Amino acid sequence: MTVLDSVVPLVDVQAEGMDPGQRREVQERRLRELVQRLLEAGGIQAQRLRDCGVRHAGDVGLDDLPRLPTVRKYDLWEHYPHGLRAADAEDIVCIHGSSGTGGRPTLVPYTAGDLDIWAQVMARALGGAGATKRSVIHNAYGYGLFTGGLGIHHGGIRLGATVVPLSGGMTDRQIRLIQDLRPDVLACTPSYAIYLGEAMAAAGVEPTSLKVGLHGAEPWTEEMRGQIERLLGIRALDIYGLSEIIGPGVACESLDSDGMLNVAEDHFYVECLDDEGNPVPDGTPGELVFTTLTKTGMPLLRYRTGDVATLAGPVAGSPRTLRRMSKLLGRTDDMLVVRGVNVFPTEVEAVLLADDRVGPHYLIIEDRRDPARPELRVAVEAEGDPAGDLDRALRERLGIGCDVRVVPAGTVPRVEVGKARRVARWTGGEAPLPGLD
């Protein structure tokens, strides 16, 4: 069987194919167990529960979630370095984290049980992408505090596949090992997939063994999916996760999920809220909020991620009965407000990459040198001069005009390691890129 076969088997039939009514009973039981753990651990989450009148686990059910308190990244920073740890120190087997303000990272402790859950959900994600025990997974996510590399690694080993732990960078070596080991699965950020594809094309190397890619850690659009698939000749799938919840594997596209990501909702209960904290209907954009039903190291009740997406039920008739989320539409904290108009960077990318003349390298500049007259500028690398067409398309999509500049190839910085920089704020001094004055 190859990854392109139409029938994609479930890795865990019980978890992925459970009747939704039965799954809700499981979620209800696990929610009460979580609340009990939090009350026994004490700390800020326990205090907030008691402030809401919750004295024991029997006081809550899934229908009560909207009245329960939420947790934000700020709460983790306020309780640095141990965050909201609920397990004893001797039960913590590793710590991961993400970058924070002022050099202060967000640290997340994991128990052995947490790592087992992580391996489970990542194995499901890889299996949904078509990976099997015979697969070779080229893992170009970074290894270290960042969860990307080790998440894929844990899941690949649990699945029984062969994992090649390349980590990020060293692109010449990456290309050589793709040629020599002939992996069928590529795991890396979408921006690095573009970088790798361009480097392979420049070297005259055809990535013939690759069949599918799992790309996450940064928002990306359907238009970028098309770019990756053309460059590498693969199916490019989205994977979602964040350190505070578990890492990659919280949700992932499968070959049969119709462009949305299956949420591992037996472990991570998902809500979607509006600006006032109220639930929104399926199909309506809102902020993703997750409850870690089974984690023990740092369990979180209603963690507000800042990520904006929509939710939907499972694909009709699919053996996968999990709820799904859309690709990320943006973040509540990276939304630009220009002359009173809300702009998500992903909206700009969708317009840019829909034009065949435009390459995947661009920079959005929020120009606030004159605070009274903020402007939105976009620098793109392109063939010819599509600036006028792009300005009109952006005006139609966003409702405001943009200053679009075509810059020479190579002007926009590339990244081999980490996330691509797509947005810059210009408040004075030197321009973020040459040629913008």
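Residues numbered from 1 in each chain as written. Predicted model: local features only at pLDDT ≥ 70, side-chain atom pairs only at ≥ 80, totals over all residues. Heavy atoms only, no water.

Caption draft 1: Up close: the nonpolar core. Of all hydrophobic cores here, the largest spans 51 residues; its most connected members are Leu126, Ile239, Tyr240, Phe268, Leu288, Phe290 and Met325. Top contributing element to this core by residue count: helix H5 (residues 112-128), with seven residues. If you look at the next biggest cluster of nonpolar residues, it comprises 38 residues, including Ile234, Leu353, Val380 and Ile400. (Core = buried A, V, L, I, M, F, W, Y, C linked by side-chain atoms within 4.5 Å. Buried < 20%, exposed > 50% of the residue type's maximum accessible area, 1.4 Å probe, protein only. Helix = DSSP H or I, 4+ residues; strand = E, 2+ residues; numbered from the N terminus.)

Caption draft 2: Representation of the environment of Glu375. By secondary structure assignment, the location of Glu375 is in strand E19 (residues 375-382). Taking the C-alpha atoms as reference points, Glu375 and Cys402, separated by 27 residues in sequence, lie 7.1 Å from one another. Contact partners of Glu375, with chain neighbours within four places excluded, come to Val338, Arg339, Ile365, Glu366 and Asp367. (Contact = heavy atoms within 4.5 Å.)

Caption draft 3: The sheet that holds strand E15 (residues 330-331), seen in detail. Here four strands make up an open sheet; going across it, the order is E10-E11-E12-E15 and the pairing antiparallel. Across the chains shown, the open sheet's two edge strands, defined by having one partner strand only, are strand E10 (268-273) and E15. Note that strand E11 (residues 286-292) and strand E12 (residues 303-309) share four bridges and pair antiparallel. Opposite Phe290, over in E12, you have Tyr303 as the bridge partner. (Pairing = 2+ DSSP bridges.)

Caption draft 4: Layout of the sheet that holds strand E21 (residues 423-426). Read across the sheet, four strands follow the order E20-E19-E18-E21 without closing on themselves; strand pairing throughout is mixed. Where the open sheet ends on each side, the last strands, each with one partner, are strand E20 (403-407) and E21. If you compare each strand with its neighbour and ignore which way they point, the axes differ by 25 degrees on average. Note: strand E18 (residues 358-367) against E19, seven bridges, orientation antiparallel. Residue pairing for E19: Tyr362 is matched across the bridge by Val380. (Axes fitted to C-alpha atoms, helices over the stretch in contact; angles between N-to-C directions.)

Spatial relationships are all this shows, so hold off on functional conclusions.
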